[in-house]
Amino acid sequence: MFSIPGTAPVTITPAAAAQISRLMAGKDAYGLRIGLKKGGCAGMEYTMELAAEPAANDEVVDKDGARVLIAPMAQMFLFGTEIDYETGLLESGFKFRNPNVTDSCGCGESVRFEPLEGSRAQD
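This section reports on the structure supplied with the text. (Residues numbered from 1 in each chain as written. Predicted model: local features only at pLDDT ≥ 70, side-chain atom pairs only at ≥ 80, totals over all residues. Heavy atoms only, no water.)

Structurally, Asp 84 is set in strand β6 (residues 81–87). Reaching out from Asp 84, the side chain makes a polar contact with the side chain of Thr 13 at a distance of 2.6 Å. A distance of 3.1 Å separates a polar atom in the side chain of Asp 84 from a polar atom in the side chain of Arg 97. Dropping the residues within four chain positions of it, Asp 84 is found in contact with Thr 13, Ala 15, Ala 16, Gly 93, Phe 94, Lys 95 and Arg 97. (Helix = DSSP H or I, 4+ residues; strand = E, 2+ residues; numbered from the N terminus. Polar contact = N/O pair within 3.5 Å; in protein donor to acceptor, adjacent residues only side chain to side chain. Contact = heavy atoms within 4.5 Å.)

Structure below.
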């Protein structure tokens, strides 16, 4: 929906591709669906769920055996995002490097986007 022909809407690092592939294989899933929902102290939170099949209008990105499905309502907010997976001493998880984010909360769990011109401001 919001893609540029020949350009993937998100990029997936090798570490993220490996983790997504492990998750898909463990649950025999078609892919990992990524979206956004209202919530958190900054206004929006990323969502992730394993999906058995793509939904209508999902954007599908394949990389090294990993498959990411981007929910239609999240596509314009995720365009240009790099999805990474980092393993640390105290925590491990997916990291979203999203150029569209204008603010985030202190814990890093929620983000804010500038409202599009002509649209209603986010609650």
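From this point on, the discussion continues.
Most of strand β5 (residues 66–70) sits out of view: 4 of its 5 residues are buried. Pairing of strand β2 (residues 31–39) with β5 involves 3 bridges; the strand directions are parallel. Bridge assignment links Ile 34 to a residue of β5, and that residue is Ile 70. With antiparallel pairing between neighbouring strands as the criterion, strand β4 (residues 59–63) and β5 make up a hairpin whose turn holds 2 residues, including Asp 64 at a positive phi of roughly 50 degrees. (Buried < 20%, exposed > 50% of the residue type's maximum accessible area, 1.4 Å probe, protein only. Pairing = 2+ DSSP bridges.)

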